[in-house]
Amino acid sequence: MTAKATAAPPSAAPPTTIEDEFRRYTPAEVIANGWLPYKSPRVLREKAYKRQVIHHNDGGKITFTLDDIRRENARTAVPAAA
């Protein structure tokens, strides 16, 4: 197996309270919590600028909702080998 294939999944699941469903998270918060498999907030922002990740552009600020994070994880999931 390669190092990429053996990498651990994101460490913490996003919170699930009603208030958290409406909260907007910055790229730094998403990376700090390990919710998306990117190494730095800068990489995540650059992917958002290029429209390569699901995000919101609130008045020029890139933010993520829990739904965005879930959809992005589902979109980039790699099926397990049989």
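The structure under discussion appears in the preceding block.
Just so we're clear, the structure is a prediction, and the values are computed from it rather than from any experiment.

Engineer: Sorry if this is basic, but what is going on with the overall build of the chain here?
Structural biologist: Looking only at helices and strands, one finds 4 helices and 2 strands in the chain. Relative to its 82 residues, the chain shows a buried fraction of 27%. Expressed as a percentage of contacts within the chain between residues at least 6 apart in sequence, the contacts between residues at least 24 apart total 40%.

Engineer: Sorry, what's going on with the nonpolar core here?
Structural biologist: Soluble globular proteins: nonpolar side chains tend toward being buried together. If you look at the biggest cluster of nonpolar residues, it comprises 13 residues, and the most contacted ones within it are Val 30, Leu 36, Tyr 38, Leu 44, Val 53, Phe 64 and Ile 69. For this core, the secondary-structure elements that each account for two or more residues are helix 2 (27-33), helix 3 (41-49) and helix 4 (66-75). Contacts of Leu 44, omitting those with residues within four sequence positions, involve Pro 27, Val 30, Ile 31, Leu 36, Tyr 38, Val 53 and Phe 64.

Engineer: Help me out: how do you make sense of helix 4 in this one?
Structural biologist: Each full turn of the α-helix corresponds to 3.6 residues, which orients residues three or four apart in the same direction. Taken together, the buried positions of helix 4 are Leu 66, Asp 68, Ile 69 and Glu 72. Down the axis of helix 4, the sector holding all buried residues measures 160°, keeping them to one side. Buried residues in helix 4 make contact with helix 1 (18-22), helix 2, strand 1 (56-58) and strand 2 (61-63).

Thresholds, definitions, all that
Residues numbered from 1 in each chain as written. Predicted model: local features only at pLDDT ≥ 70, side-chain atom pairs only at ≥ 80, totals over all residues. Heavy atoms only, no water. Helix = DSSP H or I, 4+ residues; strand = E, 2+ residues; numbered from the N terminus. Buried < 20%, exposed > 50% of the residue type's maximum accessible area, 1.4 Å probe, protein only. Contact = heavy atoms within 4.5 Å. Core = buried A, V, L, I, M, F, W, Y, C linked by side-chain atoms within 4.5 Å. Arc of directions from axis to C-beta.

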